[in-house]
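# Descriptive structure summary
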Amino acid sequence: MESVNVKAEDLKKLIRDVAQIKEMLVAEKEEREMEEIELTDWAKNELEEARKRSEKEYVSLEDVKKRILSKK
């Protein structure tokens, strides 16, 4: 097998380049994951109904807690 001489500076540059490529790939992956996902028709309908609902129909968190705890 033939021996290869590698300069330390070349090796350091290669390590920096690989680290930069890795950062770019990770950033690209995160960007794809954060892209807006379109809602299903069911979710769109639910959202539309929720927006139409009056705040008077809302149930407070305290009432929900009381209901859940009273069932135990």
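Cut-off values and rules
Residues numbered from 1 in each chain as written. Predicted model: local features only at pLDDT ≥ 70, side-chain atom pairs only at ≥ 80, totals over all residues. Heavy atoms only, no water. Helix = DSSP H or I, 4+ residues; strand = E, 2+ residues; numbered from the N terminus. Rg over C-alpha atoms; globule rule 2.2 N^0.38 Å. Buried < 20%, exposed > 50% of the residue type's maximum accessible area, 1.4 Å probe, protein only. Areas by Shrake-Rupley, 256 points an atom, 1.4 Å probe, with all protein chains shown as cover. Lys, Arg positive; Asp, Glu negative; His and termini not counted. Charge placed at Lys NZ, Arg CZ, Asp CG, Glu CD. Salt bridge = Lys/Arg side-chain N within 4 Å of Asp/Glu carboxyl O. Patch = residues over 30% accessible without salt bridge, like charges linked within 9 Å, V, L, I, M, F, W, Y side chains within 5 Å. pLDDT = per-residue confidence, 0-100.

Turning next to the overall build of the protein. When you go through the protein residue by residue, the secondary structure sums to three helices and zero strands. Moving toward the C terminus, one meets the helices and strands of the protein in the order α-α-α. Over its C-alpha trace the protein gives a radius of gyration of 28 Å, far above what one expects of a compact globule, namely 11 Å for 72 residues. Burial statistics for the protein: of 72 residues in total, 1% are counted as buried. Taken as a whole, the protein presents about 7900 Å² of accessible surface, with 55% of it coming from carbon and sulfur. Of the charged side chains in the protein, 17 are positive and 20 negative; the average position of the first set lies 7 Å away from that of the second.

Another point: the pattern of salt bridges. This structure, assessed with the given rule, holds six salt bridges. When the shortest N-O distance is used, the salt bridge between D17 and K13 registers 3.1 Å. Placement of the pair is D17 and K13 together in helix 1 (residues 8-34), with a separation of four residues, close to one helical turn. Taking relative accessible area as the criterion, D17 reaches 29% and is therefore assigned partly exposed. The partly exposed category is assigned to K13, whose relative accessible area is 44%. Residues E49 and K52 are paired through a salt bridge, measuring 4.0 Å at the closest nitrogen-oxygen approach. Note that E49 and K52 are positioned in helix 2 (residues 41-52) at a spacing of three residues, about one turn of the helix. Given a relative accessible area of 55%, K52 falls into the exposed group. What you see here is one network of salt bridges that share partners, running through E48, E49 and K52.

Bringing a nonpolar patch on the surface into the picture now. A cluster of nonpolar side chains, contributed by V4, V6, L11, L14, I15 and V18, occupies part of the molecular surface with about 590 Å² of accessible area. With respect to the element layout, I15 can be found in helix 1.

Attention now moves to the confidence of the model for the protein. On average, residues of the protein score 90 in pLDDT, and 99% of them are at 70 or above. Per-element confidence in the protein is highest for helix 2, whose mean pLDDT is 94, and lowest for helix 3 (residues 61-70), whose mean pLDDT is 91.

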